[in-house]
Amino acid sequence: AGDKSVSPKSMPRKASSEYKYGVRTALDARVPAKEALRTLKNGNARFVNGIPRMLKNWESQNFAALASYGQAPIASVLGCADSRAPIELLFDAPPGELFVLRNAGNTLSNAEGSMVGSL
């Protein structure tokens, strides 16, 4: 959140009405890498500034849409297994928007194929 070009309000999260089923699913268009990074930075800025919006309007039909139509994460995040640092909250991301892999120490070893294979 140290990037001064990123403010919590500079790029609001897409309105749920912009997605076919009210939440981003596999049926929605791909997100370009630069837009995905900007979304992560803005979500983190909202978290840091104490104004997250992730679950304010989250409804049960959003979970049903993800289950029925599949997820379409905009980014994969390798994070620490520490439960005090929930990745989705740190990036103010709703369920289905991030593909999160957690392990102790944020390590990604070539010898351990399971994490590499998941990415």
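Calculation notes
Numbers given to residues run from 1 along each chain, matching the order in which its sequence is written. Totals for whole chains, interfaces and linings use every residue, but because this is a predicted model, local features are given only for residues with pLDDT of at least 70 and side-chain atom pairs only at 80 or more, for both listing and counting. Think of the side-chain values as coming from all heavy atoms in the structure, minus any hydrogens and water. Secondary structure elements are defined from DSSP: runs of H or I of at least 4 residues count as helices, runs of E of at least 2 residues count as strands, and each element is numbered from the N terminus. Using a 1.4 Å probe on the protein chains alone, a residue whose accessible area is under 20% of its type maximum counts as buried, one over 50% counts as exposed, and one in between counts as partly exposed. Residues are treated as being in contact if the distance between any of their heavy atoms lies within 4.5 Å. Calculation of accessible area relied on Shrake-Rupley with a 1.4 Å probe; when residues are assessed, cover is drawn exclusively from the protein chains displayed. Put simply, buried Ala, Val, Leu, Ile, Met, Phe, Trp, Tyr and Cys residues joined by side-chain atoms within 4.5 Å make one nonpolar core. Exposure above 30% relative accessible area and the absence of a salt bridge qualify a residue for a patch, where like charges join within 9 Å and nonpolar side chains (Val, Leu, Ile, Met, Phe, Trp, Tyr) within 5 Å. Only one rule defines a salt bridge in this text: a Lys or Arg side-chain nitrogen within 4 Å of an Asp or Glu carboxyl oxygen. Aromatic contacts are taken between Phe, Tyr and Trp rings whose centres are within 6.5 Å, Trp giving its six-membered ring; a plane angle under 30 degrees counts as stacked, one over 60 as edge-to-face, and the others as tilted. Taken from the helix axis, the directions to the C-beta atoms give the arc we talk about.

Enquirer: I'd like a rundown of the overall build of the chain, residues and numbers included.
Expert: Scanning the chain for helices and strands turns up four helices and two strands. Counted from the first residue to the last, the chain has its helices and strands arranged as α-α-β-α-β-α. Put simply, the chain has 119 residues, and 30% of those count as buried. Sequence-distant contacts, at least 24 apart, represent 67% of the contacts inside the chain between residues at least 6 apart. Put simply, the chain shows about 7,500 Å² of open surface, and 55% of that area lies on carbon and sulfur atoms.

Enquirer: Before we move on, could you go through the environment of Ala-67 and cite the residues and values that matter?
Expert: Summarising the element assignment, Ala-67 is placed in helix H2 (residues 60-69). Sequence-wise, Ala-67 and Thr-25 are 42 residues apart; in three dimensions their C-alpha atoms are separated by 9.1 Å.

Enquirer: Explain the nonpolar core to me, using residue names and the numbers behind them.
Expert: In terms of nonpolar packing, the biggest core is built from eight residues, these being Ala-36, Leu-40, Ile-74, Ala-75, Val-77, Ile-87, Ala-93 and Leu-98. In contact with Leu-98, not counting residues within four places along its chain, are Leu-40, Pro-73, Ile-74, Ala-75, Val-77, Ile-87, Glu-88, Phe-91 and Ala-93.

Enquirer: Any chance you could break down a nonpolar patch on the surface for me, citing the residues and the numbers?
Expert: Residues Phe-47, Val-48 and Leu-89 make up a contiguous nonpolar surface patch of about 260 Å² in total accessible area. Relative to the helices and strands, Phe-47 is located in helix H1 (residues 33-48).

Enquirer: Describe the packing of aromatic side chains, listing the residues and the values that go with them.
Expert: Following the criterion strictly, the structure yields one aromatic pair and no others. Measuring from ring centre to ring centre gives 3.8 Å for Tyr-21 and Tyr-69, while their planes differ by 15°; the resulting arrangement is stacked. Of this pair, Tyr-21 sits in the segment before H1 while Tyr-69 sits in helix H2, placing them 48 residues apart in sequence.

Enquirer: Tell me what's going on with H2, and back it up with residues and numbers.
Expert: Within the sequence span of H2, burial applies to Asn-62, Ala-65 and Leu-66. All buried residues of H2 project into a common sector of 100° when viewed along the axis, lining one side. What points out from H2, more than 90 degrees from its buried face, is the exposed set Ser-60, Ala-67 and Ser-68.

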